[in-house]
Amino acid sequence: QVQLVESGGGLVQPGGSLRLSCAASGSIFSIYAMGWYRQAPGKQRELVAAITSGGSTNYADAVKGRFTISRDNAENTVYLQMNSLKAEETAVYYCNADKRDSVGVRLDDYWGQGTQVTVSS
């Protein structure tokens, strides 16, 4: 099992910045990728950014150039730096970790409890 704990959410004004943290524990050595998803009220959960164990990154088009995902292997932690935040990005942000089989099929998704990000004046 993998346990994920998010922190860093809160209230920020439009144009402001936040940094989210996700600490992983448990059976962490087989994790292939970790990422951040968000879910706004009345909408489906969507991928924001992801990073593999090898350091490859992927971003949603809407956040490219403003958000940065990074990892600290020594601390088993993944970060999401969010700059120039927009009101429509108000959502619960969830940390995700996954494992994959020998041919790349995604298996064993794990989720944190989520952290609220509110972008408002």
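Residues numbered from 1 in each chain as written. Predicted model: local features only at pLDDT ≥ 70, side-chain atom pairs only at ≥ 80, totals over all residues. Heavy atoms only, no water.

Undergrad: Is there a simple way to explain the state of the cysteines in this structure?
TA: A covalent bond between the sulfur atoms of two cysteines is referred to as a disulfide. Enumeration over the complete set of coordinates arrives at one disulfide. Note on cysteine connectivity: Cys22 is disulfide-linked to Cys95, with sulfurs 2.0 Å apart. One disulfide, between Cys22 and Cys95, carries an S-S torsion of -85 degrees and so falls in the left-handed class. Here Cys95 lies in strand β9 (residues 91–100) and Cys22 lies in strand β3 (residues 18–26), a separation of 73 residues in the sequence. We note that Cys22, like Cys95, is buried. (Disulfide = S-S within 2.5 Å. Helix = DSSP H or I, 4+ residues; strand = E, 2+ residues; numbered from the N terminus. Buried < 20%, exposed > 50% of the residue type's maximum accessible area, 1.4 Å probe, protein only.)

Undergrad: Looking at this structure, how should I read the sheet that holds strand β8 (residues 77–82)?
TA: With antiparallel pairing, the four strands of this open sheet are ordered in space as β1-β3-β8-β7. Both edges of this open sheet fall to β1 (2–7) and β7 (67–72), since each of them pairs with a single strand only. Across this sheet, the average inter-strand angle for adjacent strands is 20 degrees, counted without regard to direction. Here β7 runs beside β8; their pairing, made up of six bridges, is antiparallel. The residue bridging Ile69 from the neighbouring strand is Leu80, located in β8. (Pairing = 2+ DSSP bridges. Axes fitted to C-alpha atoms, helices over the stretch in contact; angles between N-to-C directions.)

Undergrad: Is there a simple way to think about the side chain of Glu89 in this case?
TA: For Glu89, the location among the structural elements is in the loop between β8 and β9. Glu89 sits in the buried class, given a relative accessible area of 3%. Within the structure, Glu89 has its side chain in polar contact with the side chain of Arg38 (distance 3.4 Å). Leave out the neighbours within four places in its chain, and Glu89 touches Arg38, Val63, Arg66, Phe67, Ser84 and Val117. (Polar contact = N/O pair within 3.5 Å; in protein donor to acceptor, adjacent residues only side chain to side chain. Contact = heavy atoms within 4.5 Å.)

Undergrad: What exactly am I supposed to notice about the environment of Val12 here?
TA: Note on placement: Val12 falls in strand β2 (residues 10–12). Here Val12 falls in the buried class, since its relative accessible area comes to 10%. Taking the C-alpha atoms as reference, Val12 lies 25 Å from Met34; in sequence the two are 22 residues apart.

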